[in-house]
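Per-entry structural report
The chain contents come next:
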Amino acid sequence: MRASFLLCLIVISLQCISQNRKNDLINGDFYNVGLDVIFDSISAQTNYFFSYNSNLLPKGSLYAISAENMPIDQFLSKLLAGTGLKYTFFKDQIILNYEPPEQVIRKKNFFSISGKVTDENGQPLNDANVFLDGTTIGVSSDLDGNYKLESIPPGFYNIVFSYVGFENAVYQISENNGGARIQNHQMELDLGQLEEVEVISNRIHKNENSWMHHYSIFRREILSQSNNAEQCVIENPEVINFSFDNSDESLIAFAQQPIQIRNDALGYRINYFLESFIKNKNDLRFRGKMRFSNLEPLNGSEKRSWRRNRRDSYYGSFNHFKKSLLSGDIKKEGFRVYQLRNIDKFEIDKDQELDVTDILVFKGDHYVLDFKNYLIVEFRKEKESEKFLRLSEYIGLLYPDQISKEGVLLHQPDNQISILKLLKGSVRLDLSGEIMDRFGITTYGYWSWERIADLVPINYDPKYDNL
């Protein structure tokens, strides 16, 4: 009887100890490290040890997370979000298991869009492009004109319908509750654009050297001059035509078909649907729709390289900043934000540092980004590229006289600096961080220098790169 009583006391004591240890606090600033490294740090801080099959851990994925006196429960929930890994406590163990993707999808309220694409006479169009702009989510319509986009995360999207010889069409889609949506579309002929491009094409063919000169400018401006751009190939340059106006030295580009870009630095093929491109002496404006798809890596080394380059492109980007705003972790993610009154008098004033609550307001089903004048965004976890300092047109604005007559850099690479300006009174963001007001914001500095060659899809998640 006494032995049984003692056994009960021991069991109760062990349970209490285990429960209390769940309140252990975690400290650390982890940046681009594997889960196993973070687990080792947790074990050193708490005396817990992890029990799991090594095959469960995402291969090649690196993680960034900061904690200051954070309860271990909260830390693990944040760390493992989106990985499909679930944890349980058992005595002095933390046991990891994997939850099947189908269950994860149901819990996240993913939704689908389906419908039919037809011409102006109601006849089905085969092989029409249907995709969510800026994502890897896209398909081609079948022989009957039917399509279906599946496993779409909650959020705000532009669904694009495109077919050669017809006008592109864009619909705004917003969904947070899951389910299925129907979106049919009847394409309309774009005769005016076809005639205009034909005239320009004839004009350019009279002087092939002019076409090559204009093409080199177009390629540089649309892809950027970064290291990633050097590994990009435009596979069908023949679809691009140009018009040049000598009076104001303005270059205009057109494309009858999607421009196919192969990015061998990030492992993506991009179908770029050019809507407009105008460049003159003092201004550059271009816009288009993008459909991303994964390239097939040749070997494990190339796959690891693509994953690493994608993470590097994502961290510090505008998309990273927007997601950090919504999570409220801009400082932990490496960002600092400052008010700027006059862009012609650029200077970071530490007294003008802002917090998330100063510029972002939650409205229930969306957010509102609101600030006056300009916003300086500093990213402290990655330095500027030397190419940016030598080649970017923004250097005269950010760092005047930073290159000597001999070509020596007087300003060494420092934290990346970007500038935001609202083109409207305020801008709406959906619950996933995407901007809902088209052309509502413009960027200067580092975010403007990094262009198509440095972009990852808006549905990219560094914790789970489905490569």
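Residues numbered from 1 in each chain as written. Predicted model: local features only at pLDDT ≥ 70, side-chain atom pairs only at ≥ 80, totals over all residues. Heavy atoms only, no water.

1. A short note on the overall build of the protein chain
- Of the regular secondary structure elements, the protein chain holds 13 helices and 27 strands.
- At a minimum sequence separation of 6, the contacts of the protein chain that also span at least 24 residues come to 64%.
- Counting every atom, the protein chain has about 24100 Å² of accessible surface; 47% of that belongs to carbon and sulfur. (Helix = DSSP H or I, 4+ residues; strand = E, 2+ residues; numbered from the N terminus. Contact = heavy atoms within 4.5 Å. Areas by Shrake-Rupley, 256 points an atom, 1.4 Å probe, with all protein chains shown as cover.)

2. Let's talk about helix α9 (residues 318-327)
- With eight of ten residues buried, α9 is to be regarded as a mostly interior element.
- By the burial criterion, the buried members of α9 are Phe 318, Asn 319, His 320, Phe 321, Lys 322, Ser 324, Leu 325 and Leu 326.
- Trailing α9 by a residue or two, Gly 328 shows a phi angle of about 80 degrees, which is positive. (Buried < 20%, exposed > 50% of the residue type's maximum accessible area, 1.4 Å probe, protein only.)

3. Focus on helix α8 (residues 300-314)
- Between the first and last C-alpha of α8 there are 21 Å, a value that for 15 residues agrees with the 21 Å anticipated at 1.5 Å per step.
- Residues of α8 that are buried include every one of Trp 306, Arg 307, Asn 309, Arg 310, Arg 311, Ser 313 and Tyr 314, and no others.
- Looking at where α8 begins, the residue whose side-chain oxygen comes 3.2 Å from the main-chain nitrogen of Ser 301 is Asn 299. (Expected span 1.5 Å × (residues − 1). Polar contact = N/O pair within 3.5 Å; in protein donor to acceptor, adjacent residues only side chain to side chain.)

4. Things to note about the confidence of the model for the protein chain
- For the protein chain, per-residue confidence averages 84 on the pLDDT scale, and residues scoring 70 or more make up 85% of the total.
- Low pLDDT, under 50, characterises residues 1-19; the stretch is placed with two contacts to residues that sit more than four places away or in other chains.
- Counting interchain partners and residues more than four positions distant, the pLDDT-below-50 stretch residues 193-206 has 16 contacts. (pLDDT = per-residue confidence, 0-100.)

5. Thoughts on the pairing of strand β11 (residues 169-175)
- Bridging between strand β10 (residues 155-162) and β11 involves seven bridges; their strand directions are antiparallel. Each bridged residue has a counterpart across the sheet, and for Ile 159 the counterpart in β11 is Tyr 171.
- The turn linking β10 back onto β11 is made up of six residues, and Gly 165 within it adopts a positive phi angle of 90 degrees. (Pairing = 2+ DSSP bridges.)

6. Observations regarding the sheet that holds β10
- Strand order across the open sheet formed by four strands is β8-β7-β10-β11, with antiparallel pairing between neighbours. Each edge of the open sheet is held by one strand with a lone partner, namely β8 (138-140) and β11. Going from strand to strand, the sheet's axes swing by 15 degrees on average, the running direction of each strand aside.
- Pairing between strand β7 (residues 129-132) and β10: four bridges, direction antiparallel. Within the sheet, the bridge partner assigned to Val 130 lies in β10 and is Phe 161. (Axes fitted to C-alpha atoms, helices over the stretch in contact; angles between N-to-C directions.)

7. A look at unusual backbone geometry
- Phi is positive for Asn 47, close to 70 degrees, though the residue is something other than glycine.
- Residue position: Asn 47 is located in the loop between α2 (35-46) and β2 (49-51).
- For Asn 47, a relative accessible area of 62% corresponds to the exposed category.
- Phi is positive for Asp 127, close to 70 degrees, though the residue is something other than glycine.
- Of note, Asp 127 is situated in the loop between β6 (111-118) and β7.

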